[in-house]
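# A closer look at the structure
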Amino acid sequence: FPSHDMAEGVGSPLQYISIPGQVRFLEAGSREKARQRLNLRDEFTILWSARLVSVKNPKLLVEIAKLMPDCKFLMAGDGIELDSIRSNAPTNLEILGFVDMKEILLAADIFLSTSLNEGVPYSLMEAQSVGLPIIAVNCGAISELVIDGVMDIWLSHSLKK
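Criteria and cut-off values
- Residues numbered from 1 in each chain as written.
- Predicted model: local features only at pLDDT ≥ 70, side-chain atom pairs only at ≥ 80, totals over all residues.
- Heavy atoms only, no water.
- Helix = DSSP H or I, 4+ residues; strand = E, 2+ residues; numbered from the N terminus.
- Contact = heavy atoms within 4.5 Å.
- Areas by Shrake-Rupley, 256 points an atom, 1.4 Å probe, with all protein chains shown as cover.
- pLDDT = per-residue confidence, 0-100.
- 1 Å grid on protein atoms, 1.4 Å probe; cavity = no way out; pocket = protein on both sides within 12 Å on 5 of 7 lines; lining within 4 Å.
- Points joined across faces, edges and corners; volume = space filled by probe spheres on them.
- Nonpolar A, V, L, I, M, F, W, Y, C, P; charged D, E, K, R; others polar.
- Polar contact = N/O pair within 3.5 Å; in protein donor to acceptor, adjacent residues only side chain to side chain.
- Core = buried A, V, L, I, M, F, W, Y, C linked by side-chain atoms within 4.5 Å.
- Buried < 20%, exposed > 50% of the residue type's maximum accessible area, 1.4 Å probe, protein only.
- Pairing = 2+ DSSP bridges.
- Axes fitted to C-alpha atoms, helices over the stretch in contact; angles between N-to-C directions.

## Here's the deal with the overall build of the protein
- Counting its regular elements, the protein contains 8 helices and 5 strands.
- Secondary structure elements of the protein, listed N to C terminal, follow the sequence α-α-β-α-β-α-β-α-β-α-β-α-α.
- Here the contacts in the protein between residues at least 6 apart in sequence split such that 60% fall between residues at least 24 apart.
- Per element, the accessible surface of the protein, about 9800 Å² overall, is 56% carbon and sulfur.

## Structural notes on the confidence of the model for the protein
- For the protein, per-residue confidence averages 84 on the pLDDT scale, and residues scoring 70 or more make up 81% of the total.
- Note on residues 152-161: pLDDT is under 50 here. Beyond four places in sequence and across chains, it has 18 contacts.

## Observations concerning the layout of surface pockets
- The calculated volume of the largest pocket comes to roughly 340 Å³.
- Along its surface, the largest pocket is lined by 23 residues, and Ser49, Ala50, Arg51, Ala76 and Ser123 are the ones closest to its centre.
- Elements with a minimum of two residues in the lining of the largest pocket: strand 1 (45-49), strand 4 (110-113) and helix 6 (122-129).
- At 4 residues, the largest contribution of residues to the lining of the largest pocket is made by helix 6.
- For the lining of the largest pocket, a count of residues per class yields 11 nonpolar, 7 polar and 5 charged.

## Focus on the side chain of Thr45
- Among the structural elements, Thr45 can be located in strand 1.
- Separated by 3.2 Å, the side chains of Thr45 and Arg35 make a polar contact.
- Excluding its chain neighbours within four sequence positions, the residues that come into contact with Thr45 are Arg35, Leu40, Lys72, Leu74, Ala107, Ala108, Asp109 and Ile110.

## With respect to the nonpolar core
- One finds Leu38, Leu47, Ile104, Leu105 and Phe111 to be the most contacted residues of the largest nonpolar core, which totals 22 residues.
- Looking at this core, the elements with two or more residues in it are strand 2 (72-76), helix 5 (101-104), helix 6 and helix 7 (142-145).
- Top element by residues in this core is helix 6. It accounts for 3 residues.
- Not counting chain neighbours up to four residues away, the residues in contact with Phe111 comprise Leu47, Ser49, Met101, Leu105, Ser123, Leu124, Ala127, Leu132, Pro133, Ile134 and Ile135.
- Ala50, Leu52, Phe73 and Leu82 belong to the second-largest nonpolar core, a separate cluster that totals 16 residues.

## Observations concerning the sheet that holds strand 2
- Taking strand neighbours across the sheet as the criterion, the 5 strands line up as 3-2-1-4-5 in an open arrangement whose pairing is parallel. Every other strand in the sheet has two partners, leaving strand 3 (93-97) and strand 5 (134-136) as the edge strands with one partner each. Averaged over neighbouring strand pairs, the angle between their axes works out to 25 degrees when direction is ignored.
- As paired strands, strand 4 and strand 5 are joined by 3 bridges and run parallel to one another. Bridge pairing in strand 5 links Phe111 to Ile134.
- Where helix 3 (residues 58-67) meets the sheet, its contacts fall on strand 1, strand 2, strand 3 and strand 4, and the angle it forms with strand 2 comes to roughly 165 degrees.

Following this line, the structure appears as structure tokens:
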């Protein structure tokens, strides 16, 4: 942050430009309606959303789904690994393709991120904005967003609305 850098004697105000993030805080809707749209019953539901490319590690989701047959897994996203994922997906993994996150986030019980590398994943911030707990591989800036056992600022913000 520029003010911190300047306080340490690094740079001047003219050397910095602030670019605000474009994080959307999703409006809370109805969990029941979201689950009905996806034809979900009482099964515990784990949501994964990312581009279907190797760096997002979608194959790990497939392996986890195979190990947890009593849970329902939802995979949202599209990409070059879609055909490979479809051909190896167990029956408890539903591949949704590209969808609007606000339509599916409330249907889940947990959000899962299996990425091997991340910057600042908006999908995690969106999940947090509706109060979803997150399980994530600790890479990139994920530890800046997800702190083990702590309700974060994004969730706190969304609960105040």
